[in-house]
Amino acid sequence: MDNKDLFEQALVVANRAYAPYSNFRVGAALLCEDGSVVTGANIENRSFGLTICAERSAIVAALAQGKTKFKALVIACPDAAYPVSPCGACRQVISEFVTPDFPIAFGGGDGKLVQSTMAELFPHDALHELSQK
Ligand code: THU
């Protein structure tokens, strides 16, 4: 299971996004330690602040399935002309469950992937000393 496979799965789930307000579909594919892949899409709400991003959608789905250890995350934004990285809220939430070297890749409509890590996207991680992991 490489990034290309994960990106394909992220593109598939992006089609299940509920994004009538932004018309901006996002899909996320999370590779779990057991080799399974859990996907998520953005689910918007007419009370805009309640929108759930694809990344958090995938993370909470995986945790609810009892999957707590992750190997990689790939994000697809087919409606973007360039690769879109996770928003600040998602960076905070992802960081709760992964280590700083955790690989995160993201790609837009052209399919080109940018490879990054949790530490690059979320440097100077605050309050990690409170973490129970
Ligand atoms: N969105 C995501 O799902 N993930 C990101 O990384 C960027 C933004 C969603 C939120 C909203 O539904 C739409 O994209 C536009 O911001």
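This structure is a prediction, so every number in the text was calculated from the model and none was measured.

Description of the environment of A105
So, point 1. Positionally, A105 belongs in strand β4 (residues 103–107).
So, point 2. The class of A105 is buried, set by a relative accessible area of 1%.
So, point 3. Through-space distance from the C-alpha of A105 to that of F7 is 8.7 Å; in sequence the pair is 98 residues apart.

Some remarks on helix α1 (residues 3–14)
So, point 1. The end-to-end C-alpha separation of α1 is 16 Å, in line with the 16 Å expected for 12 residues at 1.5 Å each.
So, point 2. Within the sequence span of α1, burial applies to L6, F7, A10, V13 and A14. Looking down the long axis of α1, one finds its buried residues gathered within 125° of arc, a one-sided arrangement.
So, point 3. The N-terminus of α1 is capped by D2, whose side-chain oxygen sits 3.2 Å from the backbone nitrogen of K4.

Notes on unusual backbone geometry
So, point 1. A positive phi angle is found at N23, which is not glycine, with a value near 50°.
So, point 2. Assessed through its relative accessible area of 59%, N23 is described here as exposed.
So, point 3. A positive phi angle, close to 55°, is found at H124, a residue other than glycine.
So, point 4. Judged by relative accessible area, H124 falls into the exposed class, the value being 79%.

Calculation criteria
- Residues numbered from 1 in each chain as written.
- Predicted model: local features only at pLDDT ≥ 70, side-chain atom pairs only at ≥ 80, totals over all residues.
- Heavy atoms only, no water.
- Helix = DSSP H or I, 4+ residues; strand = E, 2+ residues; numbered from the N terminus.
- Buried < 20%, exposed > 50% of the residue type's maximum accessible area, 1.4 Å probe, protein only.
- Expected span 1.5 Å × (residues − 1).
- Arc of directions from axis to C-beta.
- Polar contact = N/O pair within 3.5 Å; in protein donor to acceptor, adjacent residues only side chain to side chain.

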